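One letter stands for each residue in the lines below.
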Amino acid sequence: MIVFPGLIFSLITLLTAIWAERKIAAKIQMRFGPYYASKRIGGYFQLIADAIKFGLAEIIVPSNSIREFFILGPILITAFAFLPMAFIPVSQIPSSGSITSPYYRFFFDKFAGISLYQPIITPYSLLFIIAVASVVPILTVMTAWASNNRFSLISAIREGILTVAYDTLIIIALISMGIEYHTLDIASIVKTGVPGIIANPIAAFVFFVALLMGTARFPFDVAEADTELVTGAFTEYSGLLFVLSMAGPYLLTFVYSLVFATVFLGGWLPLMGIPGAILTVIKALIILFFSVFMRSVYGRYRIDQILRGGWKYFFPAALLALIIGMIGGIFL
Amino acid sequence: MTEEVEKILKGGLEVEIVPVEGELNVGPQHPGSGHMRIFVRLNGDIIEDVDLDVGYVHRSVEKLSENRNYIHLIPLIERPAILDSIHMNMAYIMAVEKILNVDVPPRALYLRSFAAEVNRIASHLYGMGIFGVFMGHSTAFMWGFGDREVWVEILQALTGARVTNSYILPGGVRRDITPVIMEMTEKAIKYTRRKLNDWKGIFVNNPNIKARTQNVGVMTKENAIRWGAVGPNLRASGVAFDVRKAEPYAAYDKLDFEIPVYKEGDAYARTLVRIEEIEQSMKMLEQIMREIPQGNILSDRFFKQIPPIRLKKWWEGQHRIVMPGYYASFRPPKGEAFARVEAGRGELAFYVISDGTAKPYRLRMITPSYRLIKVFRELAKGSRYADLVTIYGSLDYFPPEADR
Amino acid sequence: MKEYPKKENPFKLLGQHLEAIGTGLKYLVKPTRITLMYPEESMVLPTGYRGMIRLYKDVCIGCTLCAMVCPADAMKMVTEEGKKLPMINYGRCVFCGFCVDICPVDALKETGVHDAAFTNRRELIFDPDKFSQDFDQPPTMDKPVRKVRAKIDEKKGIVYEPDD
Ligand code: SF4
Ligand code: SF4
């Protein structure tokens, strides 16, 4: 009942994200982007056509790869990128007057004191999101290892080094929000009515940069770097597995965008119910579109430059965010 | 102890362990290799040595030249660097003209410079586009190709073809410039000046690109001379050498221009040199359009051989000359000649020996990219793996031109 | 000899980041596109464009100059009813236009057609009869094809204006 709308919804956002990426890049780059598949709606169906094409293509498994891990890799990546959505509240269920109101008691979050559109109610939603999402890079490394390709191996090393850098940033940024709002429950953070970007702008900035790093968006595309590593960990993939390996990072970007929208941008407030959910998604989509827009502005940094930036500039910034969080916590 | 480790390694994971040191085959089918195989020996992230396996697009131009008439060679000579074809064509024709001993009328010389500068802009934009996408900057890629289109359009209006222009003939050029083309050029200059500002905003001054290119692939002045670097790459290392100044050909002795020289010798300096050369080229184009003398565009010696009816129809009607039958199979006197020009990527030299028959006895072409093979190899040593493509792109190395 | 400035302060760096993003946004809001919407639009090439070539059979005097000058051996002479005529193999032609330029009686002409497709190699060889007809293969569409001309524009680079 909950998973299916979620799956369809994420499939649509996924297609929208890729479509938006291609359209935005095309606009900046003096061209039209996808167009012919459906002229009225700007070639949106091109993505579906591409997905079908990839889905029907043959899946080639290299003979000297670890077969099981090679096949499991992209599937698990997508699954683990999708799972954190279970902990993100998209909106609040009004106690009456909405078609979702009958579920009011069912999804009641007694810690925040409100009922939520959130499949799994827990007071530690921030922690769970971080925990589940941080499995993805490990799976990427596993995939790269399993495909036994030298480019993939280099990519795995880069991904491994990178993970340490950005996961720290994500965790510190979110923890500082947790300290500031005295809770690890996203719903409680939203309920206070103070968007995180006002309460702690530095944490918001650090989180956004870490989001770009963590999901291999430009300018931190080093692990996939196509001109250097031929899409890195996914060099050997084809067919449906390739679609999944592409989908994983995009889904993860969307998950982080949702977290950004709720924690830092005030989520569904001032609306409620279904309009509130739409507002949250719109906020998240803006973040998502902005992060894919980066592709047309930047090239990619080198891994050592990212690490230097991450540890030398963003890590102190994250600590500063933590201090701001502690100070801000006194007033909130 | 080592046995135990080996046992563990052999036990669970059936994948060959790649040591910290290892080899990597970049290309020939790789998004960042072009038409060649780069055999990289890595130590961690540092490149210990690279071997460039070139020759995938070898066309045997030099050998074929010994079996073709002089006129037949014009389209063939252009092929190695079709995006820089005017220069290829011009250097070859200059060598042939030296053997034939013909004088070229001044208007034709100006037109040669005009076409060459348009071609230089197009070639630099192309190079920057490739350079951009090597670093993942897709906008630079598309802009490079899109803005180049404007200049290609001018070449098309002038010569009748987009890239393989075959524009220059012994004794002159094939078509005259018209007021329409001048107007197009003026507009194109205005457009490119505007666009270069945006190029600076999104590409040249972008901190990301700066971080990737500054202090990457540094070539000192001494090394640049020792390794035989040419063109913008040489000038980015602080050597003020440009064939257009050192040994003026076409109309360059009458044109005012500066050659941008940078001291650093890294990838960023090379990019800046290219950007400034585009500006200089546009300045030259304006001067050419102002000062171009009236007159013929083909040497009188050949002009007189054109049938009068045709002359009336083509030269007076459409401002293009047609070829007299002489060209079909001419026999230059015995002799040899050397000619060089400053092509988009650097000095391009032709050496032609004639034994009095209709075919060259020997033709030698030394292309700028050919000289870059050595430079590329030396620069890549000791850099990071991610910088391989940056060095490649910043040198503007074009494999077909090197392989010939 | 010039040098570029090194060691820039963080604020300038931030400014350059913003400038880059701003340039991107500028083009996002006001895109300048130069794509030609082929096949709805089809380009009319300028006069003098070296496209496919046609022969005027009656004008030709059979002097073989065109076959001699052809660098790619695309032009060959055949004897038809006692008259020497050129035929062309478009599989070899490099569209250099030398043959057109050298023909003493202007029996050859450059057409502005270049977007043609053939299903096999034999069709690429035009015998004198086929060679002396106007050849055109407009894109097949159910709608009429708009003919446009490329113009250089100061602001947009290249614009396509309808040809009338
Ligand atoms: S255009 Fe050139 S290649 Fe083609 S037939 Fe004429 S001379 Fe030969
Ligand atoms: S050059 Fe002209 S006249 Fe001579 S054979 Fe060719 S087409 Fe005929």
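Please refer to the structure higher up on the page.
We now turn to the structure provided with this report. (Residues numbered from 1 in each chain as written. Chains lettered and ligands numbered in written order. Predicted model: local features only at pLDDT ≥ 70, side-chain atom pairs only at ≥ 80, totals over all residues. Heavy atoms only, no water.)

Some thoughts on the environment of G299 of chain A
Link 1 in the chain: Among the secondary structure elements, G299 of chain A is positioned in the loop between α12 (273-293) and α13 (303-331).
Link 2 in the chain: G299 of chain A sits 77 residues away from V222 of chain A along the chain, and the two C-alpha atoms are 10.0 Å apart. (Helix = DSSP H or I, 4+ residues; strand = E, 2+ residues; numbered from the N terminus.)

Details of the site of ligand 2
Link 1 in the chain: Inspection of the region around ligand 2 gives 14 residues, with C60, I61, C63, C66 and C103 of chain C positioned closest.
Link 2 in the chain: Within the shell around ligand 2, the residues separate by chemical class into twelve nonpolar, two polar and no charged. (Near = heavy atom within 4 Å. Nonpolar A, V, L, I, M, F, W, Y, C, P; charged D, E, K, R; others polar.)

Here's the deal with the interface of chain C and chain B
Link 1 in the chain: Listed as interface residues are 45 residues of chain C and, on the opposing side, 60 residues of chain B.
Link 2 in the chain: Summed over both sides, the interface of chain C with chain B buries roughly 4,500 Å², with 56% coming from carbon and sulfur.
Link 3 in the chain: Of all residues in chain C, Y4, D101 and I152 of chain C bury the most surface against chain B, accounting for 18% of the area lost on that side.
Link 4 in the chain: Across the contact surface, chain C and chain B share six salt bridges.
Link 5 in the chain: For R320 of chain B, the salt bridge goes to E110 of chain C, with nearest N and O atoms at 3.3 Å.
Link 6 in the chain: At the boundary of chain C with chain B, the tally comes to 17 residue pairs in polar contact (both at pLDDT 80 or more).
Link 7 in the chain: Secondary-structure elements contributing two or more residues to the side of chain C that touches chain B are α1 (10-29), α2 (65-69), α3 (98-102), β7 (146-153) and β8 (157-162) of chain C.
Link 8 in the chain: In the side of chain C that touches chain B, the residues fall into 24 nonpolar, seven polar and 14 charged. (Contact = heavy atoms within 4.5 Å. Buried area = accessible area lost by both parts, 1.4 Å probe. Salt bridge = Lys/Arg side-chain N within 4 Å of Asp/Glu carboxyl O. Polar contact = N/O pair within 3.5 Å; in protein donor to acceptor, adjacent residues only side chain to side chain.)

Some thoughts on the packing of aromatic side chains
Link 1 in the chain: Overall, the coordinates contain 40 aromatic pairs over all chains when judged by the stated rule.
Link 2 in the chain: Centroid distance F205 of chain A to F314 of chain A: 5.9 Å. Interplanar angle 50 degrees. Geometry classified as tilted. Residue F205 of chain A is found in helix α9 (residues 201-214), and its partner F314 of chain A is found in helix α13; the two are separated by 109 residues along the sequence.
Link 3 in the chain: A relative accessible area of 17% places F314 of chain A in the buried class.
Link 4 in the chain: Ring centres of W199 of chain B and F203 of chain B lie 5.8 Å apart, and the angle between their planes is 90 degrees; this geometry places the pair in the edge-to-face category. Taken together, the residues span about one helical turn, with W199 of chain B and F203 of chain B both in helix α7 (residues 179-204) at a distance of four residues. Exposure class is identical for W199 of chain B and F203 of chain B. Each is buried.
Link 5 in the chain: By way of ring pairs, the aromatic residues F207, F208, Y256, F260, F264, F290 and F293 of chain A are connected into one cluster.
Link 6 in the chain: The ring of Y252 of chain B has R244 of chain B lying over it, and the distance from NZ or CZ to the ring centre is 5.9 Å. (Phe/Tyr/Trp six-rings, centres within 6.5 Å; stacked < 30°, edge-to-face > 60°. Buried < 20%, exposed > 50% of the residue type's maximum accessible area, 1.4 Å probe, protein only. Lys NZ or Arg CZ within 6 Å of the ring centre and 35° of its normal.)

Brief notes about the interface of chain C and chain A
Many structure descriptions define interface size as the accessible area lost when the parts assemble.
Link 1 in the chain: Taken together, the contacts link 17 residues of chain C with 15 residues of chain A.
Link 2 in the chain: Of the roughly 1,500 Å² buried at the junction of chain C and chain A (both faces included), carbon and sulfur atoms supply 65%.
Link 3 in the chain: At the junction of chain C and chain A, the tally comes to three residue pairs in polar contact (both at pLDDT 80 or more).

Considering the site of ligand 1
Link 1 in the chain: Contacts to ligand 1 come from I53, C70, P71, A74, M75, I88, C93, V94, F95, C96, G97 and C99 of chain C.
Link 2 in the chain: Looking at the shell around ligand 1 residue by residue, the classes come out as eleven nonpolar, one polar and no charged.

Considerations on the sheet that holds strand β4 (residues 83-89) of chain C
Residues and elements named next belong to chain C.
Link 1 in the chain: Read across the open sheet, the three strands follow the order β3-β4-β6; overall the sheet is antiparallel. This sheet does not close on itself; its edge strands, each paired only once, are β3 (75-80) and β6 (125-126).
Link 2 in the chain: Pairing analysis gives two bridges linking β4 to β6, with the strands arranged antiparallel. From the neighbouring strand, I88 faces β6, where its bridge partner is F126. (Pairing = 2+ DSSP bridges.)

Describing the sheet that holds strand β7 (residues 346-354) of chain B
Strand pairs in the sheet, formed through backbone hydrogen bonds, run parallel or antiparallel to each other.
Residue and element names in this part refer to chain B.
Link 1 in the chain: In spatial order, the strands read β6-β7-β8; together these three strands make up an open sheet with antiparallel pairing. Two strands bound the open sheet, and with one partner strand each, they are β6 (335-343) and β8 (360-366). Looking at each pair of strands side by side, their axes are set apart by 10 degrees on average, direction ignored.
Link 2 in the chain: In terms of strand pairing, β6 meets β7 through nine bridges, oriented antiparallel. Among the inter-strand pairings, F338 is bridged to a residue of β7, identified as Y351. (Axes fitted to C-alpha atoms, helices over the stretch in contact; angles between N-to-C directions.)

Focus on the pattern of salt bridges
Residues and elements named next belong to chain B.
Link 1 in the chain: On inspection of all chains with the given rule, the structure shows 44 salt bridges over all chains.
Link 2 in the chain: Notably, a salt bridge pairs R120 with E117, separated by 3.1 Å at the nearest N-O pair. In this pair, R120 and E117 both sit in helix α5 (residues 106-134), three residues apart, roughly one turn of the helix. Across the pair, E117 and R120 agree in class, each one buried.

Let's talk about a positive patch on the surface
Link 1 in the chain: Judged by side-chain charge, R194 of chain B together with K30, K155 and K156 of chain C come together as a positively charged surface patch.
Link 2 in the chain: Assignment of secondary structure puts K155 of chain C in the loop between β7 and β8.
Link 3 in the chain: The exposure class of K155 of chain C is exposed, given its relative accessible area of 54%. (Patch = residues over 30% accessible without salt bridge, like charges linked within 9 Å, V, L, I, M, F, W, Y side chains within 5 Å. Areas by Shrake-Rupley, 256 points an atom, 1.4 Å probe, with all protein chains shown as cover. Lys, Arg positive; Asp, Glu negative; His and termini not counted. Charge placed at Lys NZ, Arg CZ, Asp CG, Glu CD.)

Quick word on the pairing of β8 of chain B
Residue and element names in this part refer to chain B.
Link 1 in the chain: Pairing geometry for β7 and β8, over six bridges, is antiparallel. Residue pairing for β8: S354 is matched across the bridge by P360.
Link 2 in the chain: Between β7 and β8, which pair antiparallel in sequence order, lie five residues; one of them, G356, sits at a positive phi of approximately 90 degrees.

Quick notes on the nonpolar core
Link 1 in the chain: With 217 residues, the main nonpolar core has F207 of chain A together with Y92 and W151 of chain B as its most contacted residues.
Link 2 in the chain: Among all residues touching Y92 of chain B, those that are not within four sequence positions of it are Y70, L73, I74, I77, F350, V352 and L363 of chain B.
Link 3 in the chain: Judged by nonpolar contacts, the second largest core, of 34 residues, contains V40, V50, A229 and V389 of chain B. (Core = buried A, V, L, I, M, F, W, Y, C linked by side-chain atoms within 4.5 Å.)

Some words on a nonpolar patch on the surface
Residues and elements named next belong to chain A.
Link 1 in the chain: Among the surface-exposed residues, I179, L320, I323, M326, I327, I330 and F331 lie close enough to one another that they form a single nonpolar patch of about 730 Å² accessible area.
Link 2 in the chain: Counting residues per element, the nonpolar patch draws most heavily on α13, at six residues.
Link 3 in the chain: Tracing the sequence through the fold places I323 in helix α13.
Link 4 in the chain: Since its relative accessible area comes to 44%, I323 is described here as partly exposed.

Focus: the packing of helix α3 (residues 67-82) of chain A against helix α5 (residues 135-147) of chain A
Residues and elements named next belong to chain A.
Link 1 in the chain: Packing of α3 against α5 leaves a shortest axis separation of 9 Å and a crossing angle of 165 degrees. On the basis of the axis angle, α3 is roughly antiparallel to α5. As for how α3 packs across α5, the hand of that crossing is left-handed. Residues F69, F70, G73, P74, L76, I77, F80 and A81 of α3 form the contact with α5, whose participating residues are V135, V136, L139, T140, M142, T143, A146 and S147. (Parallel < 35°, antiparallel > 145°, perpendicular 65-115°, else oblique. Left-handed = near helix turned anticlockwise from the far one by under 90°.)

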